Amino acid sequence: MNGILTTKTLMRDRTKGATNKAKKFVPEWIVRYRGEWLIPDLIAGLAVTIIVIPQSLAYALLAGLPPQFGLYASIFPVLVYAVVGSSTTQAVGPVAITSIMTYSVLAPLAPAGTPDYGNLAAALSLLSGIIVLAFGVLRLGFLSHLLSRPVISGFISGSAVLIIVSQLKFILGVRVEGATTWDVLRELTRTALEANPHTIVTGSLALAVLLCTKAWMAKWLRFCGVSYPWALSLSRLSPVAVVVIATVLVAKLDLDHRFHVAVVGSIQSGLASFSFTVPGIGTLRQLTIPAGILALIGMVQNITMAQALAIKRRERFDANKELVGLGFANIVAGVYGGMPVGGGLSRSAINVAAGAQSPLASIVSAGAMLGVVFFGLGWMERLPLAVLAANIVAAALGMIDIKSFRQAWSYDRADALALLGTAFGVLLFGLQWGIALGVGFSLTTILVRASTPHIAVIGRIPGTEHFRNIERHGTETLPGVLFLRIDESLFFGNLAPVEERLNGELEKAPNTHDLVLIMSAVNRVDTTAMEALNDINTDFRSRGIRLHLAEVKGPVQDRLVNSPLWKSLSGAVFLSVNAAFQSLSQDKKPSQP
């Protein structure tokens, strides 16, 4: 009997072990999926599909690719991310930033819309996907924090202006060729008199309607008694309505044939084949750095959006798993879809607002987009390009972040200058140099701040054990004793200002015989700084001044105890500023400054 029970137990344990192993290969959201999520996920998936169809077409054109590429990039890359990514509600697909970066990088290499251009776009997507995947596998998600928010804001704002400039030719109805923004502007100026008035009216009306509905439609519907979720959803359907109405008008009035209003034209139905042509070594070299920048921007955008959604939904967030999902999505886009993808702000917002509960919503959206590609492309052939451009311009205008600049200017001018420098760098020199300038501004700001540390003369608040800056508070001090707090780590780059400040304070108080360095804010003392402090200690001893240290942090003390400074220190090391004050105040009466 015991043998039978033992066998049953072993079989149960083996079955349980096999189940646990199988779960490792199944996405976590599938394991914990709840039945009540099904209907909201179905509705959200269909809603996202309807709303992003014109957006996907427009972003493909923005990237310099045939419009159907935007639809292709909304199918298999989306499916892969839904299975591999960590965010439950983020929606990936073609986005404005990656589209304009794709065009900016590839326009000098091949004519837009040609097979060579398509191959380069696929190669760019594949390379950026490999880089992002490598970052995720190596657990380098923290690299996404290397770009400060002002730099990101400046980059996005500058890119938004580039996007708007790139779409003016469609709204004006003129042919413009140019690899840079300035080339495009010169061509627009030269061909302005050749603009098609019917195209201008079509694009301008569409843009006006889009901007008005974006600003006021939800508020107007709320005023009419519509609930907030429905008002928001209906307002987000306005781009679809504008596209449908414009297409119907073009067809009914025959605007494309009678007045030469440019339209999308013939769109290939059905699935594109899985293919990829490896470019030459020279082209790969040209694409490697842009792919790295594209990967970094994609990382920042994806992780920021996924983290915000996770916080809102009180879910766990894994930055490295997120990068793995985004990397695989771009690799798949490289062999099918032909353009880089990312976490879309508008796509994700629509997904959440429509009630998505899990990645099943994205899978439903990809399936619905597959149906559109097979059966629903015919009506899009007479969709006016000016209306697609108006959709892009409306989205780009919302990306120009004036609020962040104002906030940075009022809070920290250095960050505001980094934002401006990045934005103007993008406009003047292109996307790659713009982001490089932004990073340069940020690093320069950090170095300047670290090399000019704040140093405060400290006194005691009467009747307490609290010590504060004598310039900000009413404090008491000890005659002949100087308390200085250094609010920065000490390294070779900031020693000159520190020594200059020490000597300056001693000149103001020539009777000083004890100087206490408060090191509560000092996280590191490098070798050069240790030797400089030792030299200062020797100099002070020759001048009859004792050098004391207070509130030295443990890791800093661990290094200093074996240094010449520690062994030859003329004064003492105090656990706290108050202990130093009490010790040095013996036989001295505190004085008011």
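In the block above lies the structure referred to throughout.
The rules behind the values
Residues numbered from 1 in each chain as written. Predicted model: local features only at pLDDT ≥ 70, side-chain atom pairs only at ≥ 80, totals over all residues. Heavy atoms only, no water. Phe/Tyr/Trp six-rings, centres within 6.5 Å; stacked < 30°, edge-to-face > 60°. Helix = DSSP H or I, 4+ residues; strand = E, 2+ residues; numbered from the N terminus. Buried < 20%, exposed > 50% of the residue type's maximum accessible area, 1.4 Å probe, protein only. Pairing = 2+ DSSP bridges.

> Quick rundown of the packing of aromatic side chains? Include the residues and the values.
Tallied over the full model, the rule gives 11 aromatic pairs. Seen in terms of ring centroids, phenylalanine 467 and phenylalanine 483 are 6.3 Å apart; in terms of plane orientation they differ by 35°. Their pairing is tilted. Linking phenylalanine 467 in strand S4 (residues 467-469) with phenylalanine 483 in strand S5 (residues 481-486), this pair joins segments that are 16 residues apart in sequence. Their ring planes at 85° and their centres at 5.4 Å tell us that phenylalanine 491 and phenylalanine 492 sit as a pair that is edge-to-face. By the ring-pair criterion, three or more aromatic residues cluster together here, those being Phe69, Tyr72, Phe76 and Tyr336.

> Outline helix H6 (residues 96-106), listing residues and values.
Within H6, 10 of the 11 residues are buried, which leaves it mostly tucked inside the rest of the structure. Those residues of H6 that sit buried are Ala96, Ile97, Thr98, Ser99, Ile100, Met101, Thr102, Tyr103, Val105 and Leu106.

> Which residues make up the pairing of strand S7 (residues 546-550), and what values go with them?
For S7, the tally of buried residues reaches four of five residues, placing the bulk of the element in the interior. Judged from the five bridges that link them, strand S6 (residues 514-518) and S7 form a sheet pairing that is parallel. Across the sheet, leucine 517 pairs through a bridge with leucine 549, a residue of S7. As paired elements, S7 and strand S8 (residues 573-574) share two bridges and run parallel to each other. Directly across from alanine 550, in S8, lies its bridge partner phenylalanine 574.

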